[in-house]
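# Survey of secondary and tertiary structure
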Amino acid sequence: EPEVTQTPSHQVTQMGQEVILRCVPISNHLYFYWYRQILGQKVEFLVSFYNNEISEKSEIFDDQFSVERPDGSNFTLKIRSTKLEDSAMYFCASRPGGGYGYTFGSGTRLTVV
Amino acid sequence: AQTVTQSQPEMSVQEAETVTLSCTYDTSESNYYLFWYKQPPSRQMILVIRQEAYKQQNATENRFSVNFQKAAKSFSLKISDSQLGDTAMYFCAFMKHGGEASGSRLTFGEGTQLTVNP
């Protein structure tokens, strides 16, 4: 069964550093998403991406965040200057055109120290 | 904006018994989808079951079934013949049936930690 692949599975970074979280969505999917889950809390929407542009973003997704689909395969989330409160599990997901079924990746656990 | 509420932070059940997890939501939309996701200790998000709001028939997937009450905005999950592997956090989620490029975000509830005891 096709999978959404996220790398790395765990990343530790110093506060103020830039991080890039990587995702490879399912190849024939058209809609891509990032969600985050702070430990012990619910899953929160960050951003959706369609047709090479952001289609929707939440209030969490401020200027520190950006997304890119650089090569038609990878889908990345960049955090420019990490803060302690960015420590969370970050999930990538994709969805086919005309369908509503999400497929989530296994997540990247980001720890900011 | 949509909200999803799960009022049971924790529940437990004996192996082989049946348990029901509650979820209510608030929306002004008439066409939408509802989901239950399971998150085991590995923290992967696994789809358990989904329901289209326009369908009156409750969805069923093997031991998992839902009780969808559209007028009451209620969407509970019933797990029959509970197994140890069902131990996980369960999230209820809402997605409105929007246009192709928007409105497809999932809104999650706070989650219910289910423990199945041997």
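Residues numbered from 1 in each chain as written. Chains lettered and ligands numbered in written order. Predicted model: local features only at pLDDT ≥ 70, side-chain atom pairs only at ≥ 80, totals over all residues. Heavy atoms only, no water.

## With respect to unusual backbone geometry
In the segment running from Thr7 of chain A into Pro8 of chain A, the intervening peptide bond is cis, with an omega of -10°. Looking at the element boundaries, Pro8 of chain A is found in the loop between β1 (5-7) and β2 (10-13). Even without a glycine there, the phi angle at Asn52 of chain A is positive, about 65°. When you line up the elements, Asn52 of chain A lands in the loop between β5 (43-50) and β6 (53-57). Note on Asn52 of chain A: relative accessible area 60%, which makes it exposed. Unusually for a residue other than glycine, Asn62 of chain B sits at a positive phi of about 55°. Taking relative accessible area as the criterion, Asn62 of chain B reaches 77% and is therefore assigned exposed. (Helix = DSSP H or I, 4+ residues; strand = E, 2+ residues; numbered from the N terminus. Buried < 20%, exposed > 50% of the residue type's maximum accessible area, 1.4 Å probe, protein only.)

## Things to note about the interface of chain A and chain B
Contacts between chain A and chain B engage 26 residues on the former and 22 residues on the latter. Summing both sides of the interface, chain A and chain B together bury roughly 2,200 Å²; the carbon and sulfur share of this comes to 52%. When the buried surface of chain A facing chain B is broken down by residue, Lys42, Tyr100 and Phe104 of chain A rank first, second and third, together holding 31% of it. For Glu56 of chain A, the salt bridge goes to Arg105 of chain B, with nearest N and O atoms at 3.0 Å. Taken together, the connections running from chain A to chain B amount to seven residue pairs in polar contact (both at pLDDT 80 or more). (Contact = heavy atoms within 4.5 Å. Buried area = accessible area lost by both parts, 1.4 Å probe. Salt bridge = Lys/Arg side-chain N within 4 Å of Asp/Glu carboxyl O. Polar contact = N/O pair within 3.5 Å; in protein donor to acceptor, adjacent residues only side chain to side chain.)

## Observations regarding the sheet that holds strand β7 (residues 65-68) of chain A
Residue and element names in this part refer to chain A. With antiparallel pairing, four strands are arranged side by side in an open sheet as β1-β3-β8-β7. Strands at the two margins of the open sheet, each flanked by one partner only, are β1 and β7. Across the sheet, the mean angle separating the axes of adjacent strands is 20° when strand polarity is ignored. Pairing analysis gives five bridges linking strand β3 (residues 19-24) to strand β8 (residues 75-79), with the strands arranged antiparallel. Pairing of Cys23 across the sheet is with Phe75, part of β8. (Pairing = 2+ DSSP bridges. Axes fitted to C-alpha atoms, helices over the stretch in contact; angles between N-to-C directions.)

## Some details on the packing of aromatic side chains
Applying the stated criterion to the full structure yields 23 aromatic pairs over all chains. Ring geometry for Tyr25 of chain B against Phe94 of chain B: centres 6.1 Å apart, planes inclined by 40°, an arrangement best described as tilted. Note that Tyr25 of chain B is positioned in strand β4 (residues 24-26) and Phe94 of chain B in strand β10 (residues 88-96), a separation of 69 residues in sequence. A residue is classified by how much of its surface remains accessible, and Phe94 of chain B, at 1% relative accessible area, is buried. Ring-pair connections join several aromatic residues into one group, and the members of that group are Tyr33, Tyr35, Phe45, Phe91, Tyr102 and Phe104 of chain A together with Phe35, Tyr37, Phe91 and Phe108 of chain B. Taking NZ or CZ as reference, Arg95 of chain A lies 4.3 Å from the ring centre of Tyr31 of chain A, over its face. (Phe/Tyr/Trp six-rings, centres within 6.5 Å; stacked < 30°, edge-to-face > 60°. Lys NZ or Arg CZ within 6 Å of the ring centre and 35° of its normal.)

## Notes on the pairing of strand β5 (residues 32-39) of chain B
All names here are of chain B. Along β5, eight of the eight residues are buried, which leaves the element largely enclosed by surrounding structure. Every second residue of β5 is oriented toward a common face, with Tyr32, Leu34, Trp36 and Lys38 on one face and Tyr33, Phe35, Tyr37 and Gln39 on the other, all of them buried. Pairing of β5 with β10 involves eight bridges; the strand directions are antiparallel. Bridge pairing in β10 links Leu34 to Phe94. Note that β5 and strand β6 (residues 46-52) share six bridges and pair antiparallel. Within β6, the position partnered with Tyr33 by the bridge is Glu52. The antiparallel hairpin formed by β5 and β6 contains six residues in its connecting segment, where Arg43 sits at a positive phi of about 75°.

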